[in-house]
Amino acid sequence: MLLGVIAGLLGLSFGVFGVLAFRASEKQRELVEIEYDEPALPPGSAEVLAVVGQAFVVVDAIDGVVRASPAAYAYGLVRGHTVVHRELLDMTANVRRDGVILERQLELPRGPLGQGTIVVQVRAAMLGEEYIVLLADDRTEITRTEEIRNDFVANVSHELKTPVGAISLLAEALESSADDEDAVRRFAKRMHKESARLAALVQDIIELSRLQGANVAQQGHPVDINDVISEAVDRSQLPAESKNIQIVIGGRAEAKVYGDRDLLVTALRNLIDNAIRYSPENTRVGIGVRSKEGLVSVSVTDQGEGLSPEDQERVFERFYRVDAARSRHTGGTGLGLSIVKHVVSNHGGEVTLWSQPGQGSTFTLRLPEMEGQEEDAAAEPRPLPAKEAKTQAPAPPLAPASPQAQTDRPQAKEPRDAAGVHERGANA
């Protein structure tokens, strides 16, 4: 009997202890929930921030991040619950002190590593009595485009100044040498050369401007790349014959591409002309064509001096020349490769470069094949045009610039049966 009473008392004690512990735990949890409850923003502000269309960060009185949009994290403005950049904290401090709205354009590091930056237009303002909101608009692309436009205008002005000034000086010299027949011929010949250079520069500028406004997706048509190559080669025959350079064509693409035929001819002709311009006399310029994995590749190869790695990174820039003096001597404008890049990009393709000093260069255009082509279209190859057949039929493989050119080249690169240009600048 006594043991039963003792056991009952012990059970009652454990039950009371369990109830008290449960109630204590509930009270502790309520305190924790109250302590860490999400800070309350002014009524309606959360809804407005959700639809502003800009990256935003809301900070409290000690600059702790209360709320931030995914774009703010993507831009690198916020990491965890901390505002990363000192410039943003300075803006919040000024707004908190003066109670005014601040707006600044800042160039900030995109991340903790590397040299990448982002240009943002930041607006800071009070949000209620306790919080400050930062609105950030990414203006990196707009700023980059504006810089390119300013550089382009400056470069055009500089490039036009040279031939215009030369023509003016030659005209004065011609006028003062009217009685000297030999001098008249000499100055007239130089004036003709400078005027041709000026005309080529103006034409390239017009072409580049037209490319930037072209809409290949809406205005394009099915294009036979073999016809494009044939016409580009035909237009380049005169300068090739003047240097006794043979243009060798290898391969054929049966699939068509979708785009603007004239623009593609212009791009390929620029590559061929540059290959001719910077190749030694009595050599060859090779053009290779192939279709593989839904892409049509056209490569242009020369036997020139090749390009250094530093020059390869910049040859597609407008007006860039590896050897400016030689480019002016050969009539280059520095826009050729920039035009090629724009054309290929507008057609959804890419242009790549392989080059090594002393082993020439290869530029390769890759364009997507047009979808929905009939399989039987390639059943019977059509005869080549007379000029193309004459150029292609007897041509032996293009020899490398040096005996070890084939063995020294990396196998992962585009093979040298297709062609490349030794471009001494963006269009020399």
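Residues numbered from 1 in each chain as written. Predicted model: local features only at pLDDT ≥ 70, side-chain atom pairs only at ≥ 80, totals over all residues. Heavy atoms only, no water.

Enquirer: Where do I start with the sheet that holds strand β14 (residues 361–368) in this structure?
Expert: Strand pairing in a sheet relies on backbone hydrogen bonds, with the paired strands running either antiparallel or parallel. Strand order in this open sheet of five strands is β9-β11-β12-β14-β13, and the pairing throughout is mixed. This sheet does not close on itself; its edge strands, each paired only once, are β9 (246–250) and β13 (350–355). The average angle at which neighbouring strand axes cross in this sheet is 15 degrees, direction not considered. As defined by bridge partners, strand β12 (residues 295–301) adjoins β14 across six bridges and the pair is classed as antiparallel. Each bridged residue has a counterpart across the sheet, and for T301 the counterpart in β14 is T362. Where helix α10 (residues 261–277) meets the sheet, it contacts β9, β11 (284–292), β12 and β14, and its direction lies at approximately 25 degrees from that of β12. Set on the sheet, helix α13 (residues 336–346) makes contact with β13 and β14; between it and β14 the angle comes to about 25 degrees. (Pairing = 2+ DSSP bridges. Helix = DSSP H or I, 4+ residues; strand = E, 2+ residues; numbered from the N terminus. Axes fitted to C-alpha atoms, helices over the stretch in contact; angles between N-to-C directions. Contact = heavy atoms within 4.5 Å.)

Enquirer: Any chance you could explain the side chain of S177 here in plain terms?
Expert: Within the element layout of this structure, S177 appears in the loop between α5 (140–176) and α6 (181–212). A polar contact of 3.0 Å, which involves the side chain of S177, links it to the backbone oxygen of A173. Excluding anything up to four places from it in sequence, S177 contacts A183, V184 and F187. (Polar contact = N/O pair within 3.5 Å; in protein donor to acceptor, adjacent residues only side chain to side chain.)

Enquirer: Any chance you could explain the nonpolar core here in plain terms?
Expert: General note: in soluble globular proteins, nonpolar side chains tend to be found buried as a group. I225, I229, L268, I272, I287 and V340 are the most contacted members of the largest nonpolar core, which has 40 residues in total. For this core, the secondary-structure elements that each account for two or more residues are α8 (225–235), β9, α10, β11, β12, α13, β13 and β14. Residue contributions to this core peak at nine residues, all from α10. Apart from the residues lying within four places of it in its own chain, the contact partners of I229 are I249, L268, I287, V289 and V298. With 24 residues, the next largest nonpolar core counts A55, V122, I132 and L134 among its residues. (Core = buried A, V, L, I, M, F, W, Y, C linked by side-chain atoms within 4.5 Å. Buried < 20%, exposed > 50% of the residue type's maximum accessible area, 1.4 Å probe, protein only.)

Enquirer: What's the story with the environment of G99 in this structure? I'm lost.
Expert: Note that G99 resides in the loop between α4 (86–98) and β5 (102–109). Looking at G99, the relative accessible area reads 54%, which means it is exposed. Considering only alpha carbons, one finds G99 and M126, 27 residues apart in sequence, at a separation of 7.0 Å.

Enquirer: Is there a simple way to think about the packing of aromatic side chains in this case?
Expert: For any pair of aromatic rings, the description consists of the separation of the ring centres together with the inter-plane angle of the planes. In the structure shown here, the tally under the stated rule is zero aromatic pairs. It is R186 that lies over the ring of F187; its NZ or CZ is 5.1 Å from the centre. (Phe/Tyr/Trp six-rings, centres within 6.5 Å; stacked < 30°, edge-to-face > 60°. Lys NZ or Arg CZ within 6 Å of the ring centre and 35° of its normal.)

Enquirer: So what exactly am I meant to see when it comes to the side chain of D302 here?
Expert: Secondary-structure assignment places D302 in the loop between β12 and α11 (309–312). The exposure class assigned to D302 is buried, which follows from its relative accessible area of 0%. A distance of 3.1 Å separates a polar atom in the side chain of D302 from the backbone nitrogen of G304. A polar contact is formed between the side chain of D302 and the backbone nitrogen of S361, at a distance of 3.0 Å.

Enquirer: What is the right way to read the packing of α10 against α13 from this model?
Expert: The angle between the axes and the distance between the axes are what describe a pair of packed helices. Taken N-terminus to C-terminus, the directions of α10 and α13 make an angle of 145 degrees; their axes are 9 Å apart at the nearest point. Like other packed secondary-structure pairs, α10 and α13 cross with a definite hand, here left-handed. Along the contact surface, α10 presents L263, L264, T266, A267, N270 and L271, while α13 presents G336, L337, I339, V340 and V343. For the contact of α10 with α13, the per-class residue count stands at eight nonpolar, three polar and no charged. (Left-handed = near helix turned anticlockwise from the far one by under 90°. Nonpolar A, V, L, I, M, F, W, Y, C, P; charged D, E, K, R; others polar.)

Enquirer: Is there a simple way to explain the pattern of salt bridges in this structure?
Expert: Think of it this way: side chains of opposite charge can pair up when their charged atoms draw near. All chains considered together, the criterion is met by eleven salt bridges. Close ionic contact of D63 with R96 constitutes a salt bridge, the shortest N to O distance being 2.9 Å. Here D63, found in the loop between β1 (55–59) and β2 (65–68), pairs with R96, found in helix α4; they are 33 residues apart in sequence, far enough to count as distant. A relative accessible area of 32% places R96 in the partly exposed class. Measuring nitrogen to oxygen at the nearest pair gives 2.3 Å for the salt bridge that ties R185 to E181. Here the residue R185 and the residue E181 both occupy positions in helix α6, the gap between them amounting to four residues, near one helical turn. (Salt bridge = Lys/Arg side-chain N within 4 Å of Asp/Glu carboxyl O.)

Enquirer: What is the right way to look at unusual backbone geometry in this model?
Expert: The phi angle of most residues is negative, glycine excepted, and most peptide bonds adopt the trans form. At N244, a position not held by glycine, the phi torsion is positive, near 55 degrees. Within the secondary structure, N244 sits in the loop between α9 (237–242) and β9. Residues other than glycine seldom take positive phi values, yet N282 does so here, at roughly 60 degrees. Position of N282 among the secondary structure elements: in the loop between α10 and β11.

Enquirer: Which parts of the structure should I look at to understand the sheet that holds strand β6 (residues 117–127)?
Expert: On the basis of which strands lie adjacent, the open sheet formed by five strands has the order β2-β1-β7-β6-β5 and antiparallel pairing. For this open sheet the edge positions go to β2 and β5, each flanked by a neighbour on one side alone. Strand after strand, the sheet turns through a mean of 25 degrees between neighbouring axes, direction not considered. Two elements, β1 and β2, share three bridges in a ladder whose sense is antiparallel. Directly across from V58, in β2, lies its bridge partner R67. Running at roughly 165 degrees to β5, α4 makes contact with β1, β5, β6 and β7 (131–138) of the sheet.

Enquirer: Help me understand a positive patch on the surface, please; the structure alone is not making it clear to me.
Expert: There is a patch of like positive charges on the surface, built from R186, K189, R190 and K193. Tracing the backbone shows R190 in helix α6. (Patch = residues over 30% accessible without salt bridge, like charges linked within 9 Å, V, L, I, M, F, W, Y side chains within 5 Å. Areas by Shrake-Rupley, 256 points an atom, 1.4 Å probe, with all protein chains shown as cover. Lys, Arg positive; Asp, Glu negative; His and termini not counted. Charge placed at Lys NZ, Arg CZ, Asp CG, Glu CD.)

Enquirer: It is not clear to me how the confidence of the model for the protein should be interpreted in this structure. Could you clarify?
Expert: Any segment with low pLDDT has predicted coordinates that should not be analysed in fine detail. Averaged over all residues, the pLDDT of the protein equals 75, while 67% of them reach at least 70. Between residues 32–36, whose pLDDT stays under 50, and residues either more than four places distant or in other chains, the model counts zero contacts. In this model residues 324–331 is a low-confidence stretch, pLDDT under 50, and it forms 15 contacts with partners more than four residues away in sequence or in other chains. (pLDDT = per-residue confidence, 0-100.)

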